Amino acid sequence: PSETAIKRSDLHFLNSTVSASGRVVGMDQLDLTVNLMSSNLADIKFIYPDANGQGSFKGTVKGPVATPVLDGTVTLDGHKYREWTIQHAEGGVKVDTAKQLATLRDVTGRIGESTATLNGTASLDGKELNLQIRSDHIKPSDFESITKEKIGGIVSGNVTLTSVNPIKVAGHVKGVGLSAR
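Bear in mind the structure is a predicted one, so any value in this text is a computation, not a measurement. (Residues numbered from 1 in each chain as written. Predicted model: local features only at pLDDT ≥ 70, side-chain atom pairs only at ≥ 80, totals over all residues. Heavy atoms only, no water.)

A. Expanded view of the overall build of the protein chain. When helices and strands are counted, the protein chain shows one helix and eleven strands. When the helices and strands of the protein chain are read in sequence order from the N terminus, they spell out β-β-β-β-β-β-β-β-β-α-β-β. In the protein chain, which comprises 181 residues, the proportion classed as buried is 35%. The contacts of the protein chain with a sequence gap of at least 6 include a subset with a gap of at least 24, amounting to 32%. Entry remark: accessible area of the protein chain is about 10,800 Å², with carbon and sulfur atoms responsible for 57%. Of the charged side chains in the protein chain, 20 are positive and 19 negative; the average position of the first set lies 2 Å away from that of the second. (Helix = DSSP H or I, 4+ residues; strand = E, 2+ residues; numbered from the N terminus. Buried < 20%, exposed > 50% of the residue type's maximum accessible area, 1.4 Å probe, protein only. Contact = heavy atoms within 4.5 Å. Areas by Shrake-Rupley, 256 points an atom, 1.4 Å probe, with all protein chains shown as cover. Lys, Arg positive; Asp, Glu negative; His and termini not counted. Charge placed at Lys NZ, Arg CZ, Asp CG, Glu CD.)

B. Main features of the sheet that holds strand β10 (residues 151-164). With respect to topology, eleven strands assemble into an open sheet ordered β1-β2-β3-β4-β5-β6-β7-β8-β9-β10-β11, the strand pairing being antiparallel. For this open sheet the edge positions go to β1 (3-13) and β11 (167-180), each flanked by a neighbour on one side alone. On average, each strand axis in the sheet is tilted by 15 degrees relative to the strand beside it, whichever way the strands run. Bridge count for strand β2 (residues 16-25) against strand β3 (residues 29-38) is ten bridges, and the pairing is antiparallel. Looking at the pairing, Arg23 lines up with Asp31 of β3. (Pairing = 2+ DSSP bridges. Axes fitted to C-alpha atoms, helices over the stretch in contact; angles between N-to-C directions.)

C. How the structure looks around the pairing of strand β8 (residues 114-123). Of all ten residues in β8, seven are buried, a share of seventy percent or more. Where strand β7 (residues 101-111) meets β8, nine bridges bridge the pair, whose relative direction is antiparallel. Its bridge partner being in β8, Thr103 is matched across the sheet by Thr121. In terms of strand pairing, β8 meets strand β9 (residues 129-138) through seven bridges, oriented antiparallel. Across the sheet, Ala122 pairs through a bridge with Leu129, a residue of β9. Counted along the chain from β8 to the antiparallel partner β9, the turn is five residues long, and its residue Gly126 has a positive phi close to 80 degrees.

D. The side chain of Thr117, seen in detail. Relative to the elements of secondary structure, Thr117 occurs in strand β8. Once residues lying within four places of it in the same chain are set aside, the contact partners of Thr117 are Asp106, Val107, Thr108, Gln132, Ile133 and Arg134.

E. Geometry of the environment of Gly59. Note that Gly59 resides in strand β4 (residues 54-64). Taking the C-alpha atoms as reference, Gly59 lies 3.9 Å from Gly72; in sequence the two are 13 residues apart. Sequence-distant contacts of Gly59, defined by excluding residues within four places in its chain, comprise Leu32, Thr33, Val34, Asp71 and Gly72.

F. Seen up close, unusual backbone geometry. In this structure, Arg8 takes a positive phi of about 50 degrees despite not being glycine. Looking at where Arg8 falls in the secondary structure, it is placed in strand β1. In this structure, Leu14 is a non-glycine residue whose phi angle is positive, near 50 degrees. Positionally, Leu14 belongs in the loop between β1 and β2. The exposure class assigned to Leu14 is exposed, which follows from its relative accessible area of 73%.

G. Up close: the pairing of β7. For strand β6 (residues 84-96) and β7, the ladder comprises eight bridges, and the chain directions are antiparallel. Bridge pairing in β7 links Asp96 to Leu101. Taking the residues that link successive antiparallel strands as the turn, the β7-β8 hairpin has two residues, and the phi of Gly112 there is positive, at about 60 degrees.

H. How the structure looks around the pattern of salt bridges. Here the structure, examined in full by the defined rule, presents five salt bridges. Between Asp31 and Arg23 there is a salt bridge whose closest N-O contact spans 3.4 Å. A residue is classified by how much of its surface remains accessible, and Asp31, at 27% relative accessible area, is partly exposed. The exposure class assigned to Arg23 is partly exposed, which follows from its relative accessible area of 31%. Linked by salt bridges that have partners in common, Glu3, Arg23, Asp31 and Lys62 make up one network. (Salt bridge = Lys/Arg side-chain N within 4 Å of Asp/Glu carboxyl O.)

Listed below in structure tokens is the structure:
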């Protein structure tokens, strides 16, 4: 058939549940509304190889089956990214798998005692970044793995992060009780 309609389908696999409605055009075009809930995101490594932790996605999946665009709201808990564990993150995300690019919209996140809101873009491999980060509570010791220094205190402000290796940040910050060892 040239078009297949999907109405309220529920798929359960391993630790994940996906509900979807929409259509598949031909054999290779998606136009779906999706609700994914997973207690182990490693179940979806076939979509995103670094998937881990727990989470959910509610939004749309559109475009070619091999390289769809996902656009919606995501929640992550216990997600390991490089040397960090993101205890909790949630907000709007658009992932263009063809371009290997994620666009974050008001994503709030917590690593250790640090909290921040992120907006902007990041390549899926993390090599290209343009993220605006707003926070009133960043504890530098939560990020010692990238700062390579032992810094105490609390930092707040608005910055743009364009690289993590080497770290490149521009913007306005305020420090309280800062110390370096």
